[in-house]
Amino acid sequence: MASVRVHGTTGRQPRLLFQQAEAEALRALPAAAWAPEVWHEARVHRDAHVMYGRRLYSVPWRLLGQRVWLCVTAHDVRVYAQDERVATHPLRGEGHRSTVEARLPEARAALRHRSRGHWETRAAQLGPHTEAYVRAVFDADDVLSQLRCVQAMVVHLEGFPRERAEAACRRALHFGNLRYQGLKDILRRGLDLQPLPQDGHLAIAIPAATATSPAPRYARDVRTLLLR
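Reading the values: rules and limits
Residues numbered from 1 in each chain as written. Predicted model: local features only at pLDDT ≥ 70, side-chain atom pairs only at ≥ 80, totals over all residues. Heavy atoms only, no water. Salt bridge = Lys/Arg side-chain N within 4 Å of Asp/Glu carboxyl O. Helix = DSSP H or I, 4+ residues; strand = E, 2+ residues; numbered from the N terminus. Buried < 20%, exposed > 50% of the residue type's maximum accessible area, 1.4 Å probe, protein only. Core = buried A, V, L, I, M, F, W, Y, C linked by side-chain atoms within 4.5 Å. Contact = heavy atoms within 4.5 Å. pLDDT = per-residue confidence, 0-100. Axes fitted to C-alpha atoms, helices over the stretch in contact; angles between N-to-C directions. Parallel < 35°, antiparallel > 145°, perpendicular 65-115°, else oblique. Left-handed = near helix turned anticlockwise from the far one by under 90°. Nonpolar A, V, L, I, M, F, W, Y, C, P; charged D, E, K, R; others polar. Pairing = 2+ DSSP bridges. Phe/Tyr/Trp six-rings, centres within 6.5 Å; stacked < 30°, edge-to-face > 60°.

Participant: Quick question: what am I supposed to make of the pattern of salt bridges here?
Facilitator: Close approach of charged atoms allows side chains with opposite charge to pair. Counting across every chain of the model gives eight salt bridges. Arginine 135 serves as the salt-bridge partner of glutamate 120, at 3.4 Å between the closest nitrogen and oxygen. Linking glutamate 120 in helix H3 (residues 116-126) with arginine 135 in helix H4 (residues 128-140), this pair joins segments that are 15 residues apart in sequence. On the accessibility criterion, arginine 135 (35% relative accessible area) is partly exposed. Ionic pairing is found between arginine 135 and glutamate 131, a salt bridge with its closest N-O pair at 3.1 Å. Of the two residues, arginine 135 and glutamate 131 are both situated in helix H4; the distance of four residues between them amounts to about one turn of the helix. One network of salt bridges, in which partners are shared, links Arg116, Glu120, Glu131, Arg135 and Asp139.

Shown next, in the form of structure tokens:
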């Protein structure tokens, strides 16, 4: 057997070498089996929560805006900031939030309770187009996943005159743009100040083919490309 045959390099039997030098260095197996972990980077939102798997977990409010690491096991979520564990939550539980109230400052504790109805009411104060736009964003996906997006939208719109907020939402609805960045771009580029296309067609002047500029024989007409 190989275990009793003298090894060409060590000059000793592997079995005897194990018994005399290596066996004492072995450690006992852990009592519990190793549990797989998933590491996920997340940003702490303004409500002092991070999101994982469509569920929110609170962290100390001093970490607002910072990036943290989540160590997710089959049972819990551990939050680390600069290699220090700052929060631990059960992975699952009742409701879509796991919150430790002591981690929230008094001024922000109530913010986490603001639901869809709260933001729809604030949007309605800007006008009917803004309210309709916010409702469309909520209806486009799960309410929880859209709540933060709508919160950012409404707060951003409240920084503009009511007329511009209404015009921006009307344009965004017209083109089916339900993204926060898209709404910001409309306001940033002043597109809300431009009239909407009439009758569902883009207001683009396309010169017709002339005798000196015949329509291409094997290419699609440019109108069919622009107006799709």
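The rest of the description comes next.
Participant: I'm lost on the nonpolar core in this one. Help?
Facilitator: Where a protein is soluble and globular, its nonpolar side chains tend to be buried together. Ranked by size, the top nonpolar core spans 21 residues in total, and within it Tyr133, Val150, Leu157 and Leu183 carry the most contacts. Secondary-structure elements contributing two or more residues to this core are H3, H4, helix H5 (143-157), helix H6 (162-174) and helix H7 (180-188). It is H5 that contributes the most residues to this core, six residues altogether. Those residues in contact with leucine 183 that sit more than four places away from it in its chain are Tyr133, Met153, Leu157, Ala168, Cys169 and Ala172.

Participant: Explain the environment of leucine 173 here, please?
Facilitator: Of note, leucine 173 is situated in helix H6. A C-alpha to C-alpha distance of 8.3 Å links leucine 173 and alanine 132, two positions 41 residues apart in sequence.

Participant: Before we go on, may I ask you to explain the confidence of the model for the protein chain in this structure?
Facilitator: In low-pLDDT regions, the fine details of the predicted coordinates are not to be read closely. In the predicted model, the protein chain carries a mean pLDDT of 81, and 79% of its residues have values of at least 70. Here residues 199-213 is a poorly scored stretch, pLDDT under 50, and it has 11 contacts once near neighbours within four places are set aside; other chains count. Throughout residues 221-228 the model reports pLDDT below 50, and contacts reaching past four residues in sequence, or to other chains, amount to eight contacts.

Participant: Even after reading the chapter, I still don't get the packing of H6 against H7, so can you show me in this structure?
Facilitator: Between two packed helices, what matters for the description is the angle formed by their axes and the separation of those axes. In the contact formed by H6 and H7, the axes pass within 10 Å of each other and the chain directions differ by 125°. Comparing their axes, H7 and H6 come out oblique. The crossing of H6 and H7 is right-handed. Within the contact between the two elements, H6 uses Arg164, Ala168, Cys169, Arg171 and Ala172 and H7 uses Leu183, Ile186 and Leu187. Across the contact of H6 with H7, the residue classes tally to six nonpolar, no polar and two charged.

Participant: Is there a simple way to explain the sheet that holds strand E6 (residues 84-90) in this structure?
Facilitator: In a beta sheet, neighbouring strands are held together by backbone hydrogen bonds and run either parallel or antiparallel to one another. Taken together, the four strands give an open sheet; going across it, the order is E1-E4-E5-E6, and neighbouring strands pair in antiparallel fashion. A strand with exactly one partner marks an edge of an open sheet, and here the two such strands are strand E1 (38-43) and E6. Averaged over all pairs of adjacent strands, the angle between strand axes in this sheet comes to 25°, irrespective of strand direction. With six bridges connecting them, strand E5 (residues 76-81) and E6 associate as antiparallel partners. Bridged to valine 77 within E6 is histidine 89.

Participant: Before we go on, may I ask you to explain the packing of aromatic side chains in this structure?
Facilitator: Throughout the structure, instances matching the rule amount to one aromatic pair. Taking 5.5 Å as the distance between ring centres and 40° as the angle between the ring planes, the aromatic pair formed by tryptophan 39 and tyrosine 80 counts as tilted. Highlighted residues: tryptophan 39 in strand E1 and tyrosine 80 in strand E5, separated in sequence by 41 residues. Since its relative accessible area comes to 45%, tryptophan 39 is described here as partly exposed.

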